[in-house]
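Each chain, letter by letter, is given below.
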Amino acid sequence: MSHTLGIRQAQKQKTRQAFLDAALALLEEQSLSSLGLREVTRAVGVAPTAFYRHFRSTADLGVALVDEALGSLHPMVRATVSTPGPERVTRAVRLIADHVAAHPAHVRFIARERHGGVQPVREAIRDQLARFAEEVKSELAKDPEAAGWNDEDLLMLAHLYVDQMLITASLFLETLESPEPSQAERDRVAQTAARRMRLISLGRQHWLDQDG
């Protein structure tokens, strides 16, 4: 009996993943707000009613895509920020570039839907980014430079890093989608991203020098 249940659960998970994969492919050329349920079920090869065994709506499907795109990145972000010294910036830029190259569709989806028209998806992205900021803040608090910083300012700094990571991912995505992508263009994006992150780091060193 348990073996049969296991097979059914595996098949259910396989179908659910097929919906996610089909939606992600369809979203290469459109936003989630314009995605039709029948489009997705047609791409998977199932009846429309089968969709509701896995998701309540296309918005619910979008939230699942957010979790797939961002949920698995938390260990990577923590590991990146925990890298000490100047290597932190270098490693961050390299990991972002590698992730964009490996998962361009996920990056494109987040970039488009972060300010898109589907509220639950915007909120899911916002919540994931808030988690990233909290995790980055926890790692930054371990640095010697964090002495004297309060939680509010550390969180503000963490958000600056997270925002810059998103900007960098979008810029790397643009190089991939260029008619003639080149290593020189990717190197330019990497250098610009590293300089911006170092500027944030330099500002951090003098933040406590301010009056008031």
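Residues numbered from 1 in each chain as written. Predicted model: local features only at pLDDT ≥ 70, side-chain atom pairs only at ≥ 80, totals over all residues. Heavy atoms only, no water.

Trainee: When you look at the overall build of the protein in this model, what are you seeing that I'm missing?
Mentor: Helix and strand counts for the protein come out as 10 helices and 0 strands. Helices (α) and strands (β) of the protein occur, in sequence order from the N terminus, as α-α-α-α-α-α-α-α-α-α. Once the C-alpha set of the protein is aligned to its principal axes, its extents read approximately 65 × 45 × 35 Å. When the 212 residues of the protein are sorted by exposure, 40% land in the buried category. (Helix = DSSP H or I, 4+ residues; strand = E, 2+ residues; numbered from the N terminus. Buried < 20%, exposed > 50% of the residue type's maximum accessible area, 1.4 Å probe, protein only.)

Trainee: So what exactly am I meant to see when it comes to the pattern of salt bridges here?
Mentor: Two side chains of opposite charge can pair, provided their charged atoms sit close to one another. Enumeration over the complete set of coordinates arrives at 11 salt bridges. With a shortest N-O distance of 2.9 Å, Asp 143 and Arg 88 are connected by a salt bridge. Taken as a pair, Asp 143 in the loop between helix H8 (119–140) and helix H9 (151–177) and Arg 88 in helix H6 (residues 87–102) lie far apart in primary sequence, 55 residues in all. Asp 143 sits in the buried class, given a relative accessible area of 15%. Residue classification places Arg 88 among the buried positions, given a relative accessible area of 13%. (Salt bridge = Lys/Arg side-chain N within 4 Å of Asp/Glu carboxyl O.)

Trainee: So what exactly am I meant to see when it comes to the confidence of the model for the protein here?
Mentor: Low-confidence regions, as indicated by low pLDDT, have predicted coordinates that should not be scrutinised in detail. Model confidence for the protein is summarised by a mean pLDDT of 90, while 96% of its residues fall at 70 or above. At the low end of the mean pLDDT range in the protein sits helix H5 (residues 74–82), at 80; at the high end sits helix H4 (residues 58–70), at 96. (pLDDT = per-residue confidence, 0-100.)

Trainee: Would you take a moment to explain the packing of H8 against H9 for this structure?
Mentor: To characterise two packed helices, one gives the angle between the axes of the helices and the distance between these axes. It is at 8 Å that the axes of H8 and H9 come closest, and there the two elements cross at 120°. Classified by the interaxial angle, the pair formed by H8 and H9 is oblique. Between H8 and H9 lies a crossing of right-handed hand. Between H8 and H9, the residues in contact are Leu 129, Ala 130, Phe 132, Ala 133, Glu 134, Val 136, Lys 137 and Leu 140 and Asp 151, Leu 154, Leu 155, Leu 157, Ala 158, His 159, Tyr 161, Val 162 and Leu 166, respectively. Split into classes, the residues belonging to the contact of H8 with H9 amount to 13 nonpolar, 1 polar and 3 charged. (Axes fitted to C-alpha atoms, helices over the stretch in contact; angles between N-to-C directions. Parallel < 35°, antiparallel > 145°, perpendicular 65-115°, else oblique. Left-handed = near helix turned anticlockwise from the far one by under 90°. Contact = heavy atoms within 4.5 Å. Nonpolar A, V, L, I, M, F, W, Y, C, P; charged D, E, K, R; others polar.)

Trainee: Just to check I follow, could you spell out the packing of H9 against helix H10 (residues 183–206) for this structure?
Mentor: Taken N-terminus to C-terminus, the directions of H9 and H10 make an angle of 170°; their axes are 10 Å apart at the nearest point. Classified by the angle between their axes, H9 and H10 sit roughly antiparallel to one another. Residues Leu 157, Leu 160, Tyr 161, Gln 164, Met 165, Ile 167, Thr 168, Leu 171, Phe 172 and Thr 175 of H9 form the contact with H10, whose participating residues are Glu 185, Arg 186, Val 189, Ala 190, Ala 193, Arg 196, Met 197, Ile 200, Ser 201 and Arg 204. Tallied by class, the residues present in the contact of H9 with H10 amount to 12 nonpolar, 4 polar and 4 charged.

Trainee: Mind showing me how you'd approach the side chain of His 106 here?
Mentor: Among the structural elements, His 106 can be located in helix H7 (residues 104–113). We classify His 106 as buried; its relative accessible area is 14%. Reaching out from His 106, the side chain makes a polar contact with the side chain of Glu 68 at a distance of 2.9 Å. Apart from the residues lying within four places of it in its own chain, the contact partners of His 106 are Leu 24, Glu 68 and Ala 69. (Polar contact = N/O pair within 3.5 Å; in protein donor to acceptor, adjacent residues only side chain to side chain.)

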